[in-house]
Amino acid sequence: MVTAIVFITADVARIPEVAEQIAALEGVTEVYSVTGRIDLIALVRVRQHDEVAAVVADQLNKVPGVVDTETHIAFRAYSSHDLEAAFSLGS
């Protein structure tokens, strides 16, 4: 499984509509409206790296109201559950 985190700058007047359209794309599992210099963060989860390009470049970037994107590929996932297991002394 390949996970990509996509930072999205959107037309401010269209953020809710842009978020809904992105959330409906196959391969997009979550979309968050955030504060800061970007407007939305989308999580893309696909089986192969080539599929990231198909989702981001071929679909997400073409959603009306998307101004700019920056895509980050995750190498490894850590969760609180994983960290607890890593520091457990076998109790």
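Higher on the page you've got the structure.
About the thresholds
Residues numbered from 1 in each chain as written. Predicted model: local features only at pLDDT ≥ 70, side-chain atom pairs only at ≥ 80, totals over all residues. Heavy atoms only, no water. Helix = DSSP H or I, 4+ residues; strand = E, 2+ residues; numbered from the N terminus. Buried < 20%, exposed > 50% of the residue type's maximum accessible area, 1.4 Å probe, protein only. Areas by Shrake-Rupley, 256 points an atom, 1.4 Å probe, with all protein chains shown as cover. Contact = heavy atoms within 4.5 Å. Polar contact = N/O pair within 3.5 Å; in protein donor to acceptor, adjacent residues only side chain to side chain. Salt bridge = Lys/Arg side-chain N within 4 Å of Asp/Glu carboxyl O. Arc of directions from axis to C-beta. Core = buried A, V, L, I, M, F, W, Y, C linked by side-chain atoms within 4.5 Å.

A. The arrangement of the overall build of the protein chain in detail. For the protein chain, the count of helices and strands is three helices and four strands. Taking all 91 residues of the protein chain together, the buried fraction comes to 32%. Total accessible area computed for the protein chain in this model is approximately 6,300 Å², and 54% of it derives from carbon and sulfur atoms.

B. A look at the side chain of Thr3. Mapping Thr3 onto the fold places it in strand 1 (residues 2-10). Not counting residues within four places of it along the chain, the set of residues in contact with Thr3 comprises Val44, Arg45, His72, Ile73 and Ala74.

C. The environment of His72, seen in detail. Note on placement: His72 falls in strand 4 (residues 66-73). Its relative accessible area of 33% is what places His72 among the partly exposed residues. Taking the C-alpha atoms as reference points, His72 and Leu43, 29 residues apart in sequence, are found 9.8 Å from one another. Contact partners of His72, with chain neighbours within four places excluded, come to Thr3, Ala4, Ile5 and Phe7. Within the structure, the side chain of His72 is placed 2.8 Å from the side chain of Glu70, a separation counted as a polar contact.

D. Main features of the environment of Gln21. Topologically, Gln21 is positioned in helix 1 (residues 15-23). Overall, Gln21 belongs to the partly exposed group, its relative accessible area being 33%. Excluding its chain neighbours within four sequence positions, the residues that come into contact with Gln21 are Arg14, Val63 and Pro64.

E. Up close: the pattern of salt bridges. Across all of its chains, the model carries one salt bridge by this definition. Between Arg45 and Glu30 there is a salt bridge, with the nearest N and O atoms lying 3.0 Å from each other. Note that Arg45 is positioned in strand 3 (residues 40-46) and Glu30 in strand 2 (residues 28-33), a separation of 15 residues in sequence.

F. Fine view of helix 2 (residues 49-56). Among the residues of helix 2, those classed as buried are Val52, Val55 and Val56. Seen end-on, helix 2 carries its buried residues on one side only, within an arc spanning 85 degrees. Among the structural elements, strand 1, strand 2, strand 3 and strand 4 are those in contact with the buried residues of helix 2.

G. Just the nonpolar core, in detail. Counting residues in hydrophobic clusters, the biggest one holds 21 residues, and the most contacted among them are Ile8, Ile22 and Val44. Contributing elements (two or more residues each) for this core: strand 1, helix 1, strand 3 and helix 2. A total of five residues in this core trace back to one element, the largest contributor, which is strand 1. Once residues within four sequence positions are removed from consideration, Ile22 is found in contact with Ile8, Val28, Val31, Leu40, Ala42, Leu60, Val63 and Val66.

Purely geometric stuff here, so don't read any function into it on its own.
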